[in-house]
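Analysis of the macromolecular model
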Amino acid sequence: MLKPKKTVKKCLSWLLALVMILSVIPVAVLAAPADLSISSAKELLAFSEKVNGGEDFSGKTVELTADIDLGGEGSEWTPIGSSSSAFAGTFDGNNHVISGLYISSGSNAGLFGKVNGGTVKNVTVKGSVSGSSSVAGVVGYLNAGNIINCGNNADVSGSSGVGGVVGYVGGASTVSGCYNSGNVSGTTGYIGGVSGQHWRAGKLENCYNTGKVSGPASVGGVAGGHKAASPELVNCYNAGTVEDSAGYQNNIGALIGATRGTAENCYYLFASSFAATGNKGDVDGTTKVDSVTETMLGSAFVSGDTNPKLAWESLVSADKPVRPSFSEGTELSAKLSGYIKEAVKSSKTKAGLTSADSLLGNENYMAGARSLLQ
């Protein structure tokens with residue numbers, strides 16, 4: 001029988017060993033599983049329908065497990081979250097890419113329409129988004145929420161509150177580690193490369209823009225801002241062109257258009273950005289430079305091909321995207337579609353075509369094909 005003192009020592013030894021084992025287990029292994037996993041356009045659409053139907057996912061995590069192609073112009077996207085039913089959970093894209101995003105009208109337009117108190121992170125979008133107010137590639141309208149490590153490669157256009165990553169920023173919101181490379185334009189005002197209109201507050205940190213940004217008023221390379229707003233910009237830069245589309249010189253800035261806020265350690269490239277427009281300079285804390293380096297911006301950035309990029313960009317998935325599946329609307333159209341596909345398959349077989357031979361032989365040639373007889 002072990003003596004009490006030896007028993008205590010033995011228990012402490014086991015406890016110490018357990019602590020050491022747990023300390024080397026990756027955090028991801030210990031993380032709780034997501035409440036919802038999404039791996040296809042169909043599942044992403046079902047998630048959108050749940051949110052727009054009133055399920056806000058507050059306190060829940062939704063994760064993306066694959067790159068997804070939404071289908072482009074032939075499959076207009078319905079944004080996740082609306083003015084009456086916003087998303088309030090956490091959406092983790094796991095560094096996957098959503099391509100083929102297409103929206104042609106409406107307010108609160110983007111992959112996410114409205115996020116209220118929620119978080120969207122680790123996702124990159126590609127496509128085309130057009131709308132009226134609160135328009136962006138990732139989140140149209142953000143209130144008291146967070147957007148973290150997101151990239152927009154979509155062209156975005158609207159009237160007011162137009163941004164590459166987020167259109168409208170309200171409440172104590174934070175946009176961190178985000179970039180825009182798409183063209184962003186607006187017809188009214190509050191247009192920015194990363195964010196559009198800020199209402200009273202909001203923080204942008206470790207963000208950059210390389211896309212063209214244009215509009216008639218309150219236009220900025222990184223943020224459009226607002227005359228009454230006090231957003232904070234930290235470690236940001238703009239290497240894209242900023243254009244005054246009306247020629248009024250109405251709050252056109254290299255980094256932010258209109259603001260009562262502050263900027264710290266922010267830069268704009270003289271040769272390629274707003275300097276050519278002849279409009280006003282920016283707030284204190286922004287510096288005109290001929291080039292910008294990752295050392296100037298801090299640990300969130302690394303060296304890129306031309307300008308610094310965010311460290312997380314090296315983790316973005318390069319997988320083949322999962323394409324949307326189509327179903328025919330009638331029995332006749334389904335038969336017609338089947339005949340066409342069989343005819344193409346027969347022709348390829350007889351000709352001995354492979355993906356290396358021609359467009360017809362490419363395995364993606366008939367991907368998503370369907371009859372227009374509905």
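Quick note: structure is the one above.
In this text, all values refer to a predicted model and were calculated from it rather than measured experimentally.

Basis of the calculations
The numbers attached to residues start from 1 for each chain and follow its sequence in the written order. Only residues with pLDDT of at least 70 are given local features in this predicted model, and only at 80 or more are side-chain atom pairs given and counted; all residues enter the totals for whole chains, interfaces and linings. Side-chain numbers come from the whole structure's heavy atoms, not from hydrogens or water. Numbering of helices and strands runs from the N terminus; a helix is a DSSP stretch of H or I covering at least four residues, while a strand is a stretch of E covering at least two. Any two residues whose heavy atoms approach within 4.5 Å at even a single point are treated as in contact. All accessible-area figures derive from a Shrake-Rupley calculation using a 1.4 Å probe, and residue coverage is judged against the displayed protein chains alone. Aromatic rings from Phe, Tyr and Trp, with only the six-membered ring used for Trp, were paired whenever their centres fell within 6.5 Å, and each pair was classed as stacked if the ring planes differed by under 30 degrees, edge-to-face if by over 60, and tilted otherwise. The buried label applies to any residue whose accessible area, calculated with a 1.4 Å probe on protein chains only, is under 20% of its type's maximum; exposed applies above 50%, and partly exposed to all values in between. Only lysine NZ and arginine CZ atoms are considered, and such an atom sits over a ring when it is within 6 Å of the ring centre and within 35 degrees of the ring normal. Side-chain atoms within 4.5 Å are what join buried Ala, Val, Leu, Ile, Met, Phe, Trp, Tyr and Cys residues into a set we call a nonpolar core. Paired strands are those between which DSSP finds at least two bridges. A fitted line through C-alpha atoms represents every axis, and for helices the fit uses only the stretch in contact; the resulting angles, taken between N-to-C directions, go from 0 to 180 degrees. We define a polar contact as two N or O atoms separated by no more than 3.5 Å, with the added condition that, inside protein, one atom must be a possible hydrogen donor and the other a possible acceptor, whereas residues neighbouring each other in sequence contribute only through side-chain atom pairs. By convention in these notes, a salt bridge is any Lys or Arg side-chain nitrogen within 4 Å of a carboxyl oxygen on Asp or Glu.

**What to know about the overall build of the chain**
- Along its length, the chain carries 5 helices and 30 strands.
- The long-range share in the chain, meaning contacts at least 24 apart out of those at least 6 apart in sequence, stands at 79%.
- Surface summary for the chain: the accessible area is close to 17500 Å², and the carbon and sulfur share equals 53%.

**Remarks on the packing of aromatic side chains**
- Tallying each qualifying case throughout the model produces 13 aromatic pairs.
- Ring geometry for Phe 87 and Phe 112: centres 5.4 Å apart, planes at 50°, overall tilted. You can see Phe 87 sitting in the loop between strand 3 (68–69) and strand 4 (90–103) and its partner Phe 112 sitting in strand 5 (residues 112–116), a full 25 residues away along the chain.
- Note on Phe 87: relative accessible area 0%, which makes it buried.
- The buried category is assigned to Phe 112, whose relative accessible area is 0%.
- Put simply, the rings of Phe 47, Phe 57, Phe 87, Phe 91 and Phe 112 touch in pairs and so form one group of aromatic residues.
- Over the aromatic face of Phe 57 sits the side chain of Lys 60, whose NZ or CZ is 5.9 Å from the ring centroid.

**Quick notes on the nonpolar core**
- Counting 57 residues, the largest nonpolar core has Leu 44, Phe 47, Phe 91 and Phe 112 as its most contacted members.
- Excluding anything up to four places from it in sequence, Leu 44 contacts Ile 38, Leu 70, Trp 77, Ile 80, Phe 91, Ile 98 and Leu 111.
- Within the second largest apolar cluster, 12 residues are counted, among which are Ala 239, Tyr 267, Val 289 and Val 292.

**Thoughts on the sheet that holds strand 5**
- The parallel open sheet is built from 6 strands, whose spatial order is 5-8-11-15-20-25. Strands at the two margins of the open sheet, each flanked by one partner only, are strand 5 and strand 25 (256–258). Recorded for the sheet is a direction-independent mean angle of 15° between the axes of neighbouring strands.
- Note: strand 8 (residues 139–143) against strand 11 (residues 166–170), 4 bridges, orientation parallel. Bridging from a neighbouring strand, Leu 142 pairs with Val 169 of strand 11.

**Thoughts on the pairing of strand 2 (residues 61–64)**
- Residues Val 62 and Leu 64 point to one face of strand 2 and are all buried, whereas Thr 61 and Glu 63, pointing to the other face, are not buried.
- Taken together, the 3 bridges between strand 1 (residues 36–38) and strand 2 define a ladder with parallel strand orientation. Counted as the bridge partner of Leu 36 is Val 62 from strand 2.
- Sheet topology note: the strand 2/strand 4 ladder contains 3 bridges and is parallel. Bridging across to strand 4, Val 62 finds its partner in Phe 91.

**Digging into the environment of Ser 132**
- Turning to its location among the elements, Ser 132 is positioned in the loop between strand 6 (119–130) and strand 7 (133–135).
- Those residues in contact with Ser 132 that sit more than four places away from it in its chain are Gly 106, Ser 107, Gly 158, Ser 159 and Ser 160.
- A polar atom in the side chain of Ser 132 sits 3.4 Å from the backbone nitrogen of Ser 107.

**Considerations on unusual backbone geometry**
- Although it is not a glycine, Asn 95 adopts a positive phi angle of roughly 65°.
- The class for Asn 95 is buried, based on a relative accessible area of 16%.
- Despite not being glycine, Arg 200 has its phi angle at roughly 75°, a positive value.
- Among the structural elements, Arg 200 can be located in the loop between strand 15 (195–199) and strand 16 (203–205).
- Its relative accessible area of 47% is what places Arg 200 among the partly exposed residues.

**A word on the environment of Leu 204**
- By the element assignment, Leu 204 lies in strand 16.
- You can call Leu 204 buried: its relative accessible area is 0%.
- Along the chain, Leu 204 and Ser 173 lie 31 residues apart, while their C-alpha atoms are 8.8 Å from each other.
- When near neighbours in sequence (up to four residues on either side) are disregarded, Leu 204 contacts Val 175, Val 194, Ser 195, His 198, Val 222, Ala 223, Glu 232, Leu 233, Val 234 and Cys 236.

**A look at the pattern of salt bridges**
- Scanning all chains against the criterion turns up 4 salt bridges.
- Here Lys 60 ties to Glu 55 by a salt bridge, and the two come within 3.8 Å at their closest N and O atoms.
- For Lys 60, a relative accessible area of 34% puts it in the partly exposed group.
- Glu 205 is the partner of Lys 203 in a salt bridge, and the nearest nitrogen-oxygen pair spans 3.4 Å.
- Classification of Glu 205 by relative accessible area gives partly exposed; the value is 22%.

**Quick notes on the side chain of Ser 218**
- Looking at the element boundaries, Ser 218 is found in the loop between strand 18 (213–215) and strand 19 (219–220).
- For Ser 218, a relative accessible area of 4% corresponds to the buried category.
- Apart from the residues within four sequence positions on either side, Ser 218 is in contact with Gly 189, Tyr 190, Ile 191, Gly 224, Asn 250, Asn 251, Ile 252, Gly 257 and Ala 258.

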